[in-house]
Amino acid sequence: NVWFTHFLLLSTELYSLEITNNGPITTGAQATVQARLRMKNENVTSNWYHFNWVYAPLILIEKSEQQFNSIINVTGEFPGTFPVSVWVTHKNCWLCRPIARNITVLQITEFITGNLTIAQIEDSRVTTHGSSSSMDTMTRISFSLHDPSHYFKSASFVYNWDFGDGVYQITKEPFVYCNCSSMGNRTVHLKVVAEWEQIGSIIHEREILQKTGDFTTALELLDAVKSIDIVGSRETHVMENLNLSLHINGTPPLALCWLIKSECIPLEGDKCHLVEVSGSCYNLSHTFRDAGQYCLSVRVENGVTMLQTYHGIKVRPAGIHPAFFVLLCTALVSVMLVLVLYTTFRSHTQQKDLVEVADFDFSPLSDERRSNHSKSGCGPVCCRSCLLQSSKEAVWESHELLHSLYKPVKMYTL
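Residues numbered from 1 in each chain as written. Predicted model: local features only at pLDDT ≥ 70, side-chain atom pairs only at ≥ 80, totals over all residues. Heavy atoms only, no water.

Moving on, we get to the environment of Pro-148. Tracing the backbone through its elements, the reader meets Pro-148 in the loop between strand S12 (138–145) and strand S13 (156–162). According to the relative accessible area criterion, Pro-148 is partly exposed, its value standing at 33%. With 118 residues separating them along the chain, Pro-148 and Gln-30 place their C-alpha atoms 7.6 Å apart. In this structure Pro-148 touches Asn-22, Ile-25 and Gln-30, once residues within four positions along its chain are discounted. (Helix = DSSP H or I, 4+ residues; strand = E, 2+ residues; numbered from the N terminus. Buried < 20%, exposed > 50% of the residue type's maximum accessible area, 1.4 Å probe, protein only. Contact = heavy atoms within 4.5 Å.)

For the rest of this paragraph, the subject is the nonpolar core. As a rule of thumb, nonpolar side chains are buried together in soluble globular proteins. Of all hydrophobic cores here, the largest spans 23 residues; its most connected members are Leu-17, Leu-37, Phe-51 and Trp-53. Put simply, the parts of the chain that give this core at least two residues each are strand S1 (15–21), strand S3 (30–39), strand S4 (49–54), strand S6 (69–75), strand S7 (80–90) and strand S8 (100–109). Those residues in contact with Leu-17 that lie beyond four places of it in its chain are Ala-35, Arg-36, Leu-37, Phe-51, Val-86, Val-88, Ala-100, Arg-101 and Asn-102. (Core = buried A, V, L, I, M, F, W, Y, C linked by side-chain atoms within 4.5 Å.)

Applying the stated rule across the entire model yields two disulfides. Linked covalently through their sulfurs, Cys-257 and Cys-272 form a disulfide whose S-S length is 1.2 Å. Of note, the bridge from Cys-257 to Cys-272 carries an S-S torsion of about -130° and is left-handed in sense. Here Cys-272 lies in the loop between strand S21 (254–261) and strand S22 (273–277) and Cys-257 lies in strand S21, a separation of 15 residues in the sequence. Accessibility expressed as a relative area gives 0% for Cys-257, which makes it buried. Take Cys-272: its relative accessible area is 15%, and that puts it in the buried class. (Disulfide = S-S within 2.5 Å.)

Attention now goes to the confidence of the model for the protein. The pLDDT averaged across the protein works out to 78; a share of 71% of its residues lies at or above 70. Here residues 1–10 is a poorly scored stretch, pLDDT under 50, and it has five contacts once near neighbours within four places are set aside; other chains count. Under a pLDDT of 50 for its full length, residues 352–358 has, in the predicted model, twelve contacts with residues more than four places off or in other chains. (pLDDT = per-residue confidence, 0-100.)

Moving on: empty space enclosed by the protein. Counting across every chain of the model gives one cavity of 30 Å³ or more. Empty space within the largest cavity amounts to approximately 30 Å³. Among the residues making up the lining of the largest cavity, the classes are represented as four nonpolar, three polar and one charged. Looking at which domains feed residues into the lining of the largest cavity, each of domain 1 (15–109) and domain 2 (114–222) supplies at least three. (1 Å grid on protein atoms, 1.4 Å probe; cavity = no way out; pocket = protein on both sides within 12 Å on 5 of 7 lines; lining within 4 Å. Points joined across faces, edges and corners; volume = space filled by probe spheres on them. Nonpolar A, V, L, I, M, F, W, Y, C, P; charged D, E, K, R; others polar. Domains from an automatic or database assignment.)

So, on to the sheet that holds strand S24 (residues 292–301). Spatially, S19-S25-S24-S21-S22 is the arrangement adopted by the five strands of the open sheet, whose pairing is mixed. Strand pairing shows two members of the sheet lacking a second neighbour, strand S19 (235–237) and S22, which therefore form its edges. With direction set aside, neighbouring strand axes in the sheet form an average angle of 30°. With five bridges joining them, S21 and S22 adopt antiparallel strand pairing. Across the sheet, the residue bridging to Leu-254 is Val-277, located in S22. (Pairing = 2+ DSSP bridges. Axes fitted to C-alpha atoms, helices over the stretch in contact; angles between N-to-C directions.)

Taken in spatial order, the four strands line up as S1-S3-S6-S5 in an open sheet, and their pairing is antiparallel. Bordering the open sheet on either side are S1 and strand S5 (59–65), each of which pairs with just one other strand. Geometrically, the sheet is characterised by an average inter-axis angle of 15° between neighbouring strands, direction not taken into account. Bridge analysis of S1 against S3 gives seven bridges, and the strand direction is antiparallel. Residue pairing for S3: Leu-17 is matched across the bridge by Leu-37.

With respect to the helices and strands, Arg-36 occurs in strand S3. For Arg-36, a relative accessible area of 33% gives the class partly exposed. As for Arg-36 and Ile-19, which are separated by 17 residues in sequence, their C-alpha atoms are 6.5 Å apart. Among residues more than four places away in sequence, those in contact with Arg-36 are Ser-16, Leu-17, Glu-18, Phe-68 and Asn-69.

The next subject is the pairing of S24. With seven of its ten residues buried, S24 lies for the most part within the structure. Inspection of the sheet shows S21 paired to S24 by seven bridges, in the antiparallel sense. Paired with Ala-255 across the strands is Glu-301, a residue of S24. In this structure, S24 lies alongside strand S25 (residues 306–316), joined through ten bridges in antiparallel fashion. Paired with Tyr-294 across the two strands is Ile-313, which belongs to S25.

The next subject is unusual backbone geometry. Apart from glycine, the bulk of residues carry a negative phi angle, and the bulk of peptide bonds sit in the trans form. The step from Gly-23 to Pro-24 runs through a cis peptide bond, and the omega angle for that step is 5°. Between Ala-56 and the following residue, Pro-57, the backbone shows a cis peptide bond with an omega angle of 10°. Summarising the element assignment, Pro-57 is placed in the loop between S4 and S5. A positive phi angle, near 60°, is found at Met-239, a position not held by glycine. Following the sequence through the fold, Met-239 ends up in the loop between S19 and strand S20 (241–249).

And the structure:
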């Protein structure tokens, strides 16, 4: 027992076994189940292995086996969910304990198997967005038959469509086109009928076989993203907070992706700042560290359409704002204009003022009169009179500026 436990643990560490099937299938069709053995350790010596299958009550149609994998084809006559298991042993040691084992579940139904897909056709391109589609856009609803063993290769099909809004349609093709104009959610129903002839195994008579299948899918009609308006300034300064408002015309929820680079680039994948917007407006705030020319790239999609737009931004170095600079220049010019006007007005006023100027007569004529007067009044005989006259002249000279003999006044206009 100890050896058996150790061997199982060792085998689990060295090998892994994968098993898959291509179900579900309808009764009478064939399913393929595949098992693949993988080695976890590259140092394990390659050897041939034997795959042991357990598939009852299914019926084995075919089995193939290679060095590291094995494939079986089985069929079932009754609907249900059936387990299929396999374990692997060494090729030359069937009685040895398994080195790996695994199990899968195969689903068999009596109905047709397949699925519905919704695609949108725009500009001759077909795009799939799950269950969502855009209003006023051509939408294709397709049925894909799951028939891996080509069980229905000789069958003819009829498709009955119900679009959930009171509109019905019957086609022989597995697809329909619709151009829905009302926004909202609806459920599309499809009933598939397959008929074919088969020769009876006992009485060898031809008989008509028929199988049906019912399928539904949700159809969500959304308004396409028609426009993205970016409201905000296209200029800012370094280390200044720039606020932008993005207004989106489209049905939420919206997946918004934005990126600021030195050039405008188309946004692909998730290499951007991805946010989910539940409304029609989103506020973006950003601070630039370096001056230069930048571009804001924005991508918006809502599951049915995608739209991109761009917004150029010029970042100036930090300094005086241009508006302040213009205001300062205007103030300086105003002050200079006031000074010029004041100087001109002051000069014009001073020219009209009257200035009184005393007239002092310093002409040679006055000196000559005084000289003649002295000569006529002073002789060698009249010394006393001369002295007296000299003293009077001295007094007169000392008071000449204060007591003028006459007061001539002249008026000057400056």
